[in-house]
Amino acid sequence: MKEKYLKEVNVLNDVLFKALMCHERNRTFVVDILHALTDIAKESLYHATYIGGEEILKSNLKEKKQATDLTIRINDKNRIIVEMNPFKYVKNLCKKNTTYAFLLSVKATPKNVQEYSRIILINIDNFNRFNTKKAIIRFKLRDEEGHIETEIYESIHLILENAKKNT
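All figures in this text were calculated on a predicted structure; none of them were measured in a lab. (Residues numbered from 1 in each chain as written. Predicted model: local features only at pLDDT ≥ 70, side-chain atom pairs only at ≥ 80, totals over all residues. Heavy atoms only, no water.)

## Some words on the overall build of the protein
- Assigned secondary structure in the protein consists of six helices and six strands.
- Taken from the N to the C terminus, the helices and strands of the protein come in the order α-α-α-α-β-β-β-α-β-β-β-α.
- Within the protein, residue pairs in contact and separated by at least 24 positions form 57% of the contacts whose partners lie at least 6 positions apart. (Helix = DSSP H or I, 4+ residues; strand = E, 2+ residues; numbered from the N terminus. Contact = heavy atoms within 4.5 Å.)

Now the structure itself:
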């Protein structure tokens, strides 16, 4: 009975995704995934604050839902945003998620501080938008020769379709 119920549960649902990722019992599993994707020390990830649905300033965006799926506050200078992207055809999906990351970086940085908070945006994609065989794709702000401009932003896409094939 329990197995049948679990097969019918859609973990791509935002509410269930947030509950699974934020629940203390799943912390080891979540930390292992985050560490593998970001290379941030597991100890820092264990002691971070996990928030399901951090709100974005409503004056900044003109859309109905203005919250991240999951925000992990490692400390005052470092955050991870995790977005579950179950559908490929959501209008401006990457643009929306990146806007969230930049707005949270500004919001998280105290006034009169010279350095913005570092944000890592992890997109868990249930589709292969980039038509690649890779399970993980990393984006940073760089010039045409590959020089990285700043380390304050990184976007990582975990492509579930390819991750399943590679296991």
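## Description of the pairing of strand β4 (residues 118-125)
- Taken across its eight residues, β4 has seven buried, putting it largely inside the fold.
- As paired elements, strand β3 (residues 78-85) and β4 share eight bridges and run parallel to each other. Note that in β4 the partner of M84 across the bridge is I124.
- Summarising the sheet, β4 and strand β6 (residues 153-159) pair through seven bridges and their orientation is parallel. (Buried < 20%, exposed > 50% of the residue type's maximum accessible area, 1.4 Å probe, protein only. Pairing = 2+ DSSP bridges.)

## Some remarks on the confidence of the model for the protein
- Here the protein averages 80 in pLDDT, while 75% of its residues score no lower than 70.
- Mean pLDDT in the protein bottoms out at helix α1 (residues 2-8), which sits at 49, and peaks at helix α4 (residues 42-46), which reaches 96.
- In the predicted structure, residues 57-61 sits below a pLDDT of 50 and forms eight contacts with residues beyond four places in sequence or in another chain. (pLDDT = per-residue confidence, 0-100.)

## Concerning the packing of aromatic side chains
- One pass over the full model with this rule turns up one aromatic pair.
- Note on F130 and F139: the rings are 5.4 Å apart at their centroids and 45 degrees apart in plane angle, and the pair reads as tilted.
- According to the relative accessible area criterion, F139 is partly exposed, its value standing at 34%. (Phe/Tyr/Trp six-rings, centres within 6.5 Å; stacked < 30°, edge-to-face > 60°.)

## Digging into the sheet that holds β4
- What the six strands build is an open sheet, ordered β1-β2-β3-β4-β6-β5; its pairing is mixed. Strand pairing shows two members of the sheet lacking a second neighbour, β1 (49-51) and β5 (136-140), which therefore form its edges. When the angles between neighbouring strand axes are averaged without regard to direction, this sheet yields 15 degrees. (Axes fitted to C-alpha atoms, helices over the stretch in contact; angles between N-to-C directions.)

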